[in-house]
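Below are the chains, spelled out letter by letter.
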Amino acid sequence: MSRKKGNVGYMANKIDLEKTYDRLEWSFVRDTLKLFNIPDYLVNVIMSCISSSSVAVLFNEGVLEESHPMRGIRQGDPLSPYLFIMCMEVHRLMIKDKCDSKLWDLVKASRGGLAFSHLLFADDLILFGKADKKNYTSIKEALDRFCELSRQKVNNGKSRVYFSPNISEKRREELCSCLDLHSTPNLGKYLGFSLKLPAIPVYVMQGTMLPTKILEAIDRLNEGSLRSLIVRPLNSGEDQLEMGEVTQKGGWNFSYCSFVFPCGLLQRIKAILIPYLDASLDNISWDYSNYGEFDGRSAYKLAKGESNVTDEFARSWIWKVDTLPKIQCFIWKSYLFSLPAKDLPVTRGIAEDSKCEGCGREAETIIHVLRDCDIAKKFWLDTGNGRCDNNFFTSDLCSWLKENLRSSTDLVEANVP
């Protein structure tokens, strides 16, 4: 975009929204939840959590009378980011409608590249389009309509618009006047990344494992390889130096290198800590504890035949499952019984009721939520699991996770709700 030539120019609008969480309208949140077909009973629960908040001001070491806000979602609430993202999805749908109606032209980063119209991450917005009346009108209409429904407000003082270099100064002033934004020669950074490169790969890499060749190409594009930073020729064998040859006694030793690293790169290398290992005599270690020291708990479990409970490699298969890292983390928490099911606070004396909200009969344990509840059981049967394996609904949680996640059986084609 910064090298655009010709008659057709483009613009990128970096939008800053004021107090996004505090201004969000409750009625808009409810309508958004219903738009995404959230069940009515769950909508009521969520809205009850939002609307039951209260605010009190501390004044002269005393607490003034409580007040109850009429809009906004709470900062720090684990539910708030998800609700806000769903509300921002409404804005994305408005943009999509404009693009489908040919009122908003998509932008390409390269001639054969992917066409896009916006980048949205939480309250960070960048809107792209052609620098003409049709596009800026559609951009403004979609943004104004979204702000009208959600009660969001654009901070014109911090928002900026960037134009491709083939747009004249007079044309820029006209568009800035219509958009009510200030022009800028550089949009700066977006999510910590320079906007000189397309930010689209950032989103792809958050949820997709890209091939190594692509990652290496991106690294070369951003910084270049280590060899490219050294301008002089290398001596024989220097291109095959290993880590052990440039470290000694817990520090770095570059005396074997005939070249000089750039100052910034050298500081980054020296910031990497090298473990210091000194020679010492062998010590007796207890194999059944995490720290190698004897304790009564591990001895008791060993006497009961549970000698494998401290095996640190027992769960290594989880990280080899072919899925996204966040799902691997979820499996790991399930395997360690660390998910917040209702039976956990009951066993700790924090709560009294552990009954499952789904079926209303049995206690809500992790295995119950994932497999044994009527809702979960129907899902597994609809997908074809559990019909042929007699142990599918009878095995314990750890065995069930391990056997099914390591299985290569494909799901049958089914109408999964």
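Residues numbered from 1 in each chain as written. Predicted model: local features only at pLDDT ≥ 70, side-chain atom pairs only at ≥ 80, totals over all residues. Heavy atoms only, no water.

So what's going on with the overall build of the protein chain? Which residues, and what values?
When helices and strands are counted, the protein chain shows 15 helices and 13 strands. A burial count over the protein chain gives 29% of its 417 residues as buried. Counted over contacts in the protein chain with a minimum sequence separation of 6, partners at least 24 positions apart contribute 55%. Of the accessible surface of the protein chain, which amounts to about 28500 Å², a share of 54% is contributed by carbon and sulfur atoms. (Helix = DSSP H or I, 4+ residues; strand = E, 2+ residues; numbered from the N terminus. Buried < 20%, exposed > 50% of the residue type's maximum accessible area, 1.4 Å probe, protein only. Contact = heavy atoms within 4.5 Å. Areas by Shrake-Rupley, 256 points an atom, 1.4 Å probe, with all protein chains shown as cover.)

How would you summarise the sheet that holds strand E9 (residues 182-183) if you had to cite specific residues and measurements?
With mixed pairing, five strands are arranged side by side in an open sheet as E6-E7-E1-E8-E9. Looking along the sheet, the strands with just one partner apiece sit at the ends: strand E6 (118-121) and E9. Bridge analysis of strand E8 (residues 160-163) against E9 gives two bridges, and the strand direction is parallel. Following the sheet pairing, Arg160 is matched in E9 by His182. Across the sheet, helix H6 (residues 169-179) lies against strand E1 (10-16), E8 and E9, angled at about 150° from E8, the strand it touches most. (Pairing = 2+ DSSP bridges. Axes fitted to C-alpha atoms, helices over the stretch in contact; angles between N-to-C directions.)

Before we move on, can you summarise the side chain of Lys98 with the specific residues and values?
On the secondary structure map, Lys98 appears in helix H4 (residues 80-100). Overall, the relative accessible area of 15% leaves Lys98 in the buried class. Not counting chain neighbours up to four residues away, the residues in contact with Lys98 comprise Leu103, Trp104, Ser138, Glu141 and Ala142.

Help me get a handle on the pairing of E1, residues and values and all.
With five of seven residues buried, E1 is to be regarded as a mostly interior element. Both E1 and strand E7 (residues 124-130) contribute to a ladder of seven bridges, which runs antiparallel. In the sheet register, Met11 faces E7, and the bridge partner there is Gly129. Taken together, the four bridges between E1 and E8 define a ladder with antiparallel strand orientation. Paired with Ala12 across the strands is Tyr162, a residue of E8.

Any details on a nonpolar patch on the surface? Residues and values, ideally.
On the surface, a nonpolar cluster with roughly 240 Å² of combined accessible area is contributed by Leu35, Phe36 and Leu93. Secondary-structure assignment places Phe36 in the loop between helix H2 (26-35) and helix H3 (40-51). (Patch = residues over 30% accessible without salt bridge, like charges linked within 9 Å, V, L, I, M, F, W, Y side chains within 5 Å. Salt bridge = Lys/Arg side-chain N within 4 Å of Asp/Glu carboxyl O.)

Lay out the packing of aromatic side chains with the relevant residues and their values.
Applying the stated criterion across every chain, the model contains eleven aromatic pairs. Ring plane angle 90° and centroid distance 5.0 Å describe the contact between Phe116 and Phe128, whose orientation is recorded as edge-to-face. Residue Phe116 is located in strand E5 (residues 115-116), and its partner Phe128 is located in strand E7; the two are separated by twelve residues in the primary sequence. Note on Phe116: relative accessible area 14%, which makes it buried. Taking relative accessible area as the criterion, Phe128 reaches 10% and is therefore assigned buried. Taking the centre distance of 5.7 Å and the plane angle of 80° together, the rings of Trp380 and Trp400 count as edge-to-face. (Phe/Tyr/Trp six-rings, centres within 6.5 Å; stacked < 30°, edge-to-face > 60°.)

Describe the packing of helix H11 (residues 325-335) against helix H15 (residues 397-405), listing the residues and the values that go with them.
Relative to each other, H11 and H15 sit at 150°, their axes nearing to 9 Å. In terms of axis orientation, H11 runs roughly antiparallel to H15. Along the contact surface, H11 presents Ile331, Ser334 and Tyr335, while H15 presents Leu397, Cys398, Leu401 and Leu405. Residue composition of the contact of H11 with H15, grouped by class: six nonpolar, one polar and no charged. (Parallel < 35°, antiparallel > 145°, perpendicular 65-115°, else oblique. Nonpolar A, V, L, I, M, F, W, Y, C, P; charged D, E, K, R; others polar.)

Give me the side chain of Ser117: which residues, what numbers.
Tracing the sequence through the fold places Ser117 in the loop between E5 and E6. Assessed through its relative accessible area of 6%, Ser117 is described here as buried. Of note is the side chain of Ser117, whose polar atom sits 2.8 Å from the side chain of His118. Setting aside its immediate chain neighbours within four residues, Ser117 contacts Ile95, Cys99, Trp104, Leu106, Ile126, Leu127 and Phe128. (Polar contact = N/O pair within 3.5 Å; in protein donor to acceptor, adjacent residues only side chain to side chain.)

Any details on H11? Residues and values, ideally.
Every buried residue of H11 is listed here: Gln328, Ile331, Ser334 and Tyr335. Projected down its long axis, H11 carries its buried residues within an arc of 120°, all on one side. Exposed residues lying more than 90 degrees from the buried face of H11 are Pro325 and Lys326. Considering only its buried residues, H11 is in contact with helix H13 (366-372) and H15. A positive backbone phi angle near 55° is found at Phe337, which sits one or two residues after H11. (Arc of directions from axis to C-beta.)

Hey, could you go over H15 for me, with residue numbers and the actual values?
Those residues of H15 not exposed but buried are Leu397, Cys398, Trp400 and Leu401. Taken around the axis of H15, the buried residues stretch over an arc of 165°, which confines them to a single face. Among the structural elements, H11, H13 and helix H14 (374-382) are those in contact with the buried residues of H15. Two or three places before Cys398, at the start of H15, stands the capping residue Asp396, its side-chain oxygen 3.3 Å from that residue's backbone nitrogen.

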